[in-house]
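What follows is the residue order along each chain.
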Amino acid sequence: MYLQTGLHSTFHVGYSCIFFPTPCKDSKSCIASYLDTKPAPKLEIKVYTSTRGMGAKESDLKLVWINTTFDVHDTVEKTVNISIPYKVRNNGTMYLHAFVVPKGQDPFQTLYESYKYTPITTYSLPQSEFFSLVTDTAKNKTSPDIPITHLRQRVIISVMADSIQFDRRAMPMEIHRLIKPSPDGDYLPMLYIDQLAFRTKDLVVS
């Protein structure tokens, strides 16, 4: 699997919200970025796979990549090997879990973690057969439709690198959902996994 991590500078929340924040003028309602902490925090990113999605525990996860010198302003590309369990091949689902934490901290213990997860497999017709169905339906009427497990071979993980002070009273609900406050009152790095970059041709038979 090919992983890419990098920065992002504009707020695109699905297709429903494009948000360009105005400068926060009232300090009582402003919330600053954890990335503005002095001295600048050192971060690391940890990526795991699991057959469990929401509610997965540490014991459910398998570490596949760690970058202990993670910089939100850099773009990093990495190819990792992933083992597909029989449970996944037999119409199960595999998930990717990504954590950004202060360097050296345990993502399952710290209160400073940014976290997202996404499914990385799908159960569908083989891609060659799928495209044949689109282009030549009659030809495939006599062939069996046997779905199999496909793996997403490309995943893009992004972190917002802009230093923005938000006005709590002016944020739409879509942005509120992305923000996680730290114990110090600022907001942690905004992490997301780019679903809009997903392409059918990136699927491979697992």
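Computed from a predicted structure; not experimentally measured.

Rules of the game
- Residues numbered from 1 in each chain as written.
- Predicted model: local features only at pLDDT ≥ 70, side-chain atom pairs only at ≥ 80, totals over all residues.
- Heavy atoms only, no water.
- Helix = DSSP H or I, 4+ residues; strand = E, 2+ residues; numbered from the N terminus.
- Buried < 20%, exposed > 50% of the residue type's maximum accessible area, 1.4 Å probe, protein only.
- Polar contact = N/O pair within 3.5 Å; in protein donor to acceptor, adjacent residues only side chain to side chain.
- Contact = heavy atoms within 4.5 Å.
- pLDDT = per-residue confidence, 0-100.
- Pairing = 2+ DSSP bridges.
- Axes fitted to C-alpha atoms, helices over the stretch in contact; angles between N-to-C directions.

1. Concerning the side chain of Glu113
With respect to the element layout, Glu113 can be found in the loop between strand E8 (95–102) and strand E9 (114–119). Glu113 sits in the buried class, given a relative accessible area of 15%. Looking at Glu113, its side chain comes within polar contact range of the side chain of Lys180, at 2.5 Å. Those residues in contact with Glu113 that lie beyond four places of it in its chain are Phe99, Val100, Val101, Pro107, Lys180 and Leu188.

2. Details of the confidence of the model for the chain
Parts of the model with low pLDDT should not have their predicted coordinates read in detail. Summarising the model, the chain shows a mean pLDDT of 79, and 75% of its residues fall at 70 or more. Looking over the chain, one finds the lowest element-wise mean pLDDT in strand E2 (residues 11–13), namely 37, and the highest in E8, namely 95. This stretch, residues 129–133, has a pLDDT under 50; its non-local contacts, to residues over four places away or in other chains, come to eight contacts. In this model, residues 138–143 is a region of pLDDT below 50 whose contacts with residues beyond four sequence positions or in other chains number four contacts.

3. So, the sheet that holds strand E5 (residues 43–50)
The four strands are arranged E6-E5-E8-E9 in an open sheet whose pairing can be described as antiparallel. Every other strand in the sheet has two partners, leaving strand E6 (62–70) and E9 as the edge strands with one partner each. Averaged over all pairs of adjacent strands, the angle between their axes in this sheet comes to 15°, without regard to strand direction. With six bridges connecting them, E8 and E9 associate as antiparallel partners. Of the residues in E9, the one forming a bridge with Val100 is Ser114.

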